[in-house]
Amino acid sequence: MSTQNPFLSDWSGPFALPPFAQISDADFAPAFEEAFKQSRAAINEIADNPEPASYANTIDALEQADGLMDKVAGVFFNLTGADSNPEREALQRDLSPRFASFSSETVMNEALFARVDGLYHNREALNLGAEQLRVLELYHRMFVRAGAQLEGAAKARLPEVTKRLAELGTAFSQNLLADEREWFMELGENDLDGLPDFLKAAAKSAAQERGLEGYVITLSRSLIAPFLQFSARRNLREKAYIAWGKRGENGGKTDNIDIVRETLALRQERANLLGYDTFADFKLEPEMAKTPEAVRELLMAVWEPAKAAANADAARLTELMHDDGVNGDLEPWDWRYYAEKLRAAEYDLDEAELKPYFQLDQMIEAAFDTANRLFGLTFHALDVPLYHKDARAWEVRKGDRHMAVFIGDYFARSSKRSGAWCSRFRAQSNLDADIRPITVNVCNFAKAPEGEPNLLTFDDARTLFHEFGHALHSMLSDVHYPMISGTSVARDFVELPSQLYEHWLSVPDVLEKYARHAETGAPIPKALLDKLLAAENFDMGFSTVEYTASALVDLAFHSDTPPVDPLARQAEILKGLGMPAAIRMRHATPHFAHVFSGDGYSSGYYSYMWSEVMDADAFAAFEETGDPFNPELAAKLHDHIYSAGGKAEGADLYTAFRGSLPKVDALLKGRGLPPAP
C-alpha cells in the first residue's frame, strides 16, 4: 500500500480538515480496501478476545473500530452527493453491496453478539453511567434488528436481502441524478414573458454552466419552481412541469419503477424474516411514533383540513384562470402561476419586489447571528482548500473554544443531487479525545452570473435556516460516544432542531437587520415586512396536501402487501384520499429519493410533520415569554435538544425541554388550518 495515499496518513492541516487538494479519485478504492481490512481486523479482535466481555473491551472498542473507514467514507460519500462524476458513481455502485455485506458479517458474528448480549442482560450490575447505558441498549437493539438472533435459512437470507437493497438504493439515486442532469429547456427571448429579472439572471447562469447562449431552465427546484410561478407561457409551464414530474419514470436505463417494485418486496421480506407483519411495523418500532396507526392518525388529522383549504383555493385559482381567458380545468402547471397572482392581489406582495432583500450572504449572516444570540457561537471565515470552488468554510467558536468547522455549499450544479441536506465529514465525540465535528450544508440555490448578487426567495432562505438547524445539532453536540453524536437520533425527532430553527427567520428584528436591498443596502421596509409575515400561511392548503399525500403513500406502500404495479397503487391511494385534481404529490414514487435512495425515510417521510408538532410548540415557548431569544429557554434548548445528541429517547429529551409532549393542534395553528373535526 502506497504511503502517498492521503487517507493513510494523519491530516495535519488546519483543524485536521481533509486535504482536498491532495485527494484524487484514484485514492478512494485503495483507501477503502485498507479501511475494510482494518475494520474487519478490529471487529474480529473484539469478538475473539479471550478476556471476559467488559464495557471497555466490547462497546468502547466497537466505537473505535472504524477510524479509517469513517475518515474515507466521510469524504467519499459527501462528494458523491455534492460533486459526483462517473468514476465516483462507479465506485459507489461497487461499495454499496460491500458495505451491506460487511455490516451483515458484523452483526451476524455470533461471538461478537454474545459479548454484547451478555453485557446487555447484565447491565444493571455494571454500574454504568446514563450515556453508557443508552449506548449499550442501542448496540443491542441494532444487533437484534439486524438479525443477530436469526437462525438457519432466515439467517442466511437476510444478508442477501440487505445487500440487494443497498444496490437498489444506489441505482435509484444515480438514475434520478442522471435524469435531473440531462434534462433542460432552452428559452429564447420570446419565451421570457412574465419572468422577473432575478429568474432571467439565474436561467442565464444555468445556460453558461452548460456552455450555451441565452437562458436555460433545469430541473433544479431553485429554477423550475419560480419558472412555474412566473412564466406566462402556459405551454412552457406544462413542458417543464411534466419533465419535473417524470424524473425516474422515462423508460430506458434510468427508469426507477422496477427498482421501486423490487425494493418494496425486499423490505417486506426483511420485515417478515425479523418477525414483523409489515416493513412499517419494523421500521417504526424504535421511532417516537412507534406504530403505523399512530402515524396515520397524525397525517389524517392534518389531511382533511388541508384538503378543504386546498379545494377552496383551487376554486379561486380556477376563476382567475378563466378571467385570463384560459378555459377548462386548473392543471398542476397552473397552480403556482395563479397562486402568485392571488397572493399579489390579496397581500399586495410581489416576489420580484421582495427578492432583492434576500441576498444569500446576508441570510448566512442572519443564521450565524441567530446562533450567536441563542447559543453564543461566533463564525470566522477560513481560507482553506475545499472540494469545490463554490464551497466555503468557517471556524465555529464559543468564546475561545473551537466548536466545529462549518462548510457551506449553496449553489446548484449538474454534479450535485437535488434538494438540500446536512452531512458531516467528521462527527463529534469525547471517547478518545475532544473530537470536534466538520459539518456541511449542501443546497441547490440558483447561482447569479458573475458580478451579480445571489438572491434567494423567502422559501430558499427558510431552507437555509432549516439546514443550518441540522448543522447546529451536529456542531453543538456534546456526547462521549460517536453512536449518539449530533443528529444520530430517531428519524421523527431529527427534524425538530432544523424545523424549529426556521422560526427565527421570521422574527421581525432578524429580518429588519439582515433583509437588505442588494443594490441600495436599505433595510426591508416595514410595510413590505408586514405583508411578507402576514402572507406566511398563504397557499398552506397546497403545500400541506402535496407533502401529506407523499407521506400517506409512503406509509401505505410499507403497511400493505407490496404492489406489483407501484404507480397503479399510488393512484389508488390518492383516489381514496380524494386528492385534489390540480395538485400532485411533492415526491412521486419514481423520484421519491427520501424513501427509495436508502432506508433513511422509508415509512418515515411523516417525520417532518411529527417534528413540526414539536417545533410549533417549542417556539411557542419562546413566544410566551415575549422574547424569541429568551436566555433561560435558549439554555434549556441547548442542553436538552441541540447538544444532547441521542443521549435519551426523543420524547424524553423534548419533555425535559418543554415539560410535556404537544398535541397536533400546535401544528394546525401554526399552518393556519382549522382543527380536524
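Please refer to the structure placed before this passage.
A brief report on the enclosed structure follows.

Thresholds, definitions, all that
Residues numbered from 1 in each chain as written. Predicted model: local features only at pLDDT ≥ 70, side-chain atom pairs only at ≥ 80, totals over all residues. Heavy atoms only, no water. Helix = DSSP H or I, 4+ residues; strand = E, 2+ residues; numbered from the N terminus. Rg over C-alpha atoms; globule rule 2.2 N^0.38 Å. Buried < 20%, exposed > 50% of the residue type's maximum accessible area, 1.4 Å probe, protein only. Contact = heavy atoms within 4.5 Å. Axes fitted to C-alpha atoms, helices over the stretch in contact; angles between N-to-C directions. Parallel < 35°, antiparallel > 145°, perpendicular 65-115°, else oblique. Nonpolar A, V, L, I, M, F, W, Y, C, P; charged D, E, K, R; others polar. Salt bridge = Lys/Arg side-chain N within 4 Å of Asp/Glu carboxyl O. Pairing = 2+ DSSP bridges. Phe/Tyr/Trp six-rings, centres within 6.5 Å; stacked < 30°, edge-to-face > 60°. Arc of directions from axis to C-beta. Core = buried A, V, L, I, M, F, W, Y, C linked by side-chain atoms within 4.5 Å. Disulfide = S-S within 2.5 Å. Polar contact = N/O pair within 3.5 Å; in protein donor to acceptor, adjacent residues only side chain to side chain.

### Thoughts on the overall build of the chain
Part 1 of the reasoning: Looking only at helices and strands, the chain features 27 helices and 7 strands.
Part 2 of the reasoning: At 25 Å, the chain has a C-alpha radius of gyration in line with the 26 Å of a compact globule built from 677 residues.
Part 3 of the reasoning: Projected onto its principal axes, the C-alpha positions of the chain cover 80 × 55 × 55 Å.
Part 4 of the reasoning: For the chain, with 677 residues in total, the buried portion stands at 56%.
Part 5 of the reasoning: For the chain, contacts bridging at least 24 residues in sequence account for 73% of all contacts bridging at least 6.

### Focus: the packing of helix H21 (residues 540-559) against helix H24 (residues 607-625)
Part 1 of the reasoning: Where H21 meets H24, the axes come as close as 9 Å, and the angle between the chain directions of the two elements is 125°. Between H21 and H24, the angle falls in the class oblique. Along its contact with H21, which presents Thr-544, Tyr-547 and Thr-548, the element H24 presents Ser-607, Tyr-608 and Met-609.
Part 2 of the reasoning: Tallied by class, residues from the contact of H21 with H24 come to 3 nonpolar, 3 polar and no charged.

### As for the pattern of salt bridges
Part 1 of the reasoning: Per the stated rule, a full pass over the model turns up 50 salt bridges.
Part 2 of the reasoning: Across the pair Asp-509 and Arg-373 runs a salt bridge whose closest N-O atoms are separated by 3.2 Å. A residue pair is termed long-range when its members are at least 10 positions apart, and Asp-509 in helix H19 (residues 508-514) and Arg-373 in helix H16 (residues 360-375) qualify at 136 residues.
Part 3 of the reasoning: What makes Asp-509 partly exposed here is its relative accessible area of 32%.
Part 4 of the reasoning: Here Asp-530 ties to Lys-526 by a salt bridge, and the two come within 2.9 Å at their closest N and O atoms. Taken together, the positions of Asp-530 and Lys-526, both in helix H20 (residues 526-534) and 4 residues apart, correspond to about one turn of that helix.
Part 5 of the reasoning: Residue Asp-530 is classed as partly exposed on the basis of its relative accessible area of 37%.
Part 6 of the reasoning: Overall, the relative accessible area of 57% leaves Lys-526 in the exposed class.
Part 7 of the reasoning: Overlapping salt bridges bring together Asp-25, Asp-83, Arg-88, Asp-409, Arg-413 and Lys-416 as one network.

### Digging into the pairing of strand E4 (residues 392-398)
Consecutive side chains of a regular strand alternate in pointing toward one face of the sheet and then the other.
Part 1 of the reasoning: Looking at chain direction, strand E3 (residues 377-382) and E4 are connected through 6 bridges and run antiparallel. Paired with Leu-377 across the bridge in E4 is Lys-398.
Part 2 of the reasoning: Hairpin connection from E4 to strand E5 (residues 401-411): 2 residues lie between these consecutive antiparallel strands, with Gly-399 at a positive phi of about 65°.

### Comments concerning the packing of aromatic side chains
Part 1 of the reasoning: Throughout the structure, instances matching the rule amount to 47 aromatic pairs.
Part 2 of the reasoning: Judged by centre distance (5.8 Å) and plane angle (55°), the rings of Phe-7 and Trp-11 are tilted.
Part 3 of the reasoning: Judged by relative accessible area, which is 1%, Phe-7 ranks as buried.
Part 4 of the reasoning: Exposure remark for Trp-11: the relative accessible area of 15% places this residue in the buried category.
Part 5 of the reasoning: Taking the centre distance of 5.4 Å and the plane angle of 10° together, the rings of Tyr-601 and Tyr-608 count as stacked. The residues Tyr-601 and Tyr-608 share a single accessibility class, namely buried.

### Points about unusual backbone geometry
Part 1 of the reasoning: Its identity is not glycine, yet Asp-539 carries a phi of approximately 65°, on the positive side.
Part 2 of the reasoning: Structurally, the position occupied by Asp-539 is in the loop between H20 and H21.
Part 3 of the reasoning: Judged by relative accessible area, Asp-539 falls into the buried class, the value being 16%.
Part 4 of the reasoning: The phi dihedral of Ser-603 is positive, around 60°, even though this residue is not glycine.
Part 5 of the reasoning: Along the chain, the position of Ser-603 falls in the loop between helix H23 (593-596) and H24.
Part 6 of the reasoning: Classification of Ser-603 as buried rests on a relative accessible area of 1%.

### Examining helix H26 (residues 650-658)
Part 1 of the reasoning: Taken together, the buried positions of H26 are Gly-650, Leu-653, Tyr-654 and Phe-657. For H26, the buried positions fall inside an angular range of 95° around the axis, keeping them on one side.
Part 2 of the reasoning: If you follow the buried residues of H26, they end up packed against helix H18 (491-502), H24 and helix H25 (631-642).
Part 3 of the reasoning: Residue Gly-659 follows H26 closely and has a positive phi angle near 100°.

### As for the nonpolar core
Part 1 of the reasoning: Judged by nonpolar contacts, the single largest core of 127 residues is most densely connected at Trp-335, Phe-358, Leu-464, Phe-468, Leu-472, Tyr-501 and Trp-504.
Part 2 of the reasoning: With residues up to four places along the chain from it excluded, the contact list for Tyr-501 reads Ala-367, Thr-370, Ala-371, Leu-374, Phe-465, Phe-468, Gly-469, Leu-472 and Tyr-642.
Part 3 of the reasoning: The next biggest cluster of nonpolar side chains, apart from the first, holds 65 residues, and it includes Trp-11, Ala-35, Leu-112 and Tyr-481.

### Digging into the state of the cysteines
Two cysteines form a disulfide when their sulfur atoms are joined by a covalent bond.
Part 1 of the reasoning: Here the structure, examined in full by the defined rule, presents 0 disulfides.
Part 2 of the reasoning: Between Cys-443, a free cysteine, and Cys-422, which holds the nearest cysteine sulfur, the sulfur-to-sulfur gap is 9.7 Å.
Part 3 of the reasoning: Here Cys-443 falls in the buried class, since its relative accessible area comes to 1%.

### Focus: the side chain of His-473
Part 1 of the reasoning: Within the secondary structure, His-473 is located in helix H17 (residues 458-475).
Part 2 of the reasoning: What makes His-473 buried here is its relative accessible area of 0%.
Part 3 of the reasoning: There is a polar contact of 3.3 Å between the side chain of His-473 and the backbone oxygen of Gly-486.
Part 4 of the reasoning: Apart from the residues lying within four places of it in its own chain, the contact partners of His-473 are Gly-486, Thr-487, Val-489, Pro-497, Ile-641, Tyr-642 and Gly-645.

### Some words on the packing of helix H13 (residues 292-323) against H24
Part 1 of the reasoning: At a minimum axis distance of 10 Å, the contact between H13 and H24 shows a crossing angle of 70°. One element, H13, and the other, H24, form an angle in the roughly perpendicular class. From H13, Ala-294, Leu-298, Leu-299 and Val-302 reach across to H24, where they touch Met-609, Trp-610 and Val-613.
Part 2 of the reasoning: Counted by class, the contact of H13 with H24 contains 7 nonpolar, no polar and no charged residues.

### Some thoughts on the sheet that holds E3
Two orientations exist for strands paired in a sheet by backbone hydrogen bonds: parallel and antiparallel.
Part 1 of the reasoning: Read across the open sheet, the 5 strands follow the order E3-E4-E5-E7-E6; overall the sheet is mixed. The open sheet terminates on both sides in strands that have one partner only, identified here as E3 and strand E6 (421-426). On average, each strand axis in the sheet is inclined to that of its neighbour by 30°, with strand direction left out of account.
Part 2 of the reasoning: With 7 bridges joining them, E4 and E5 adopt antiparallel strand pairing. In the strand pairing of E5, Trp-394 is matched with Phe-406.

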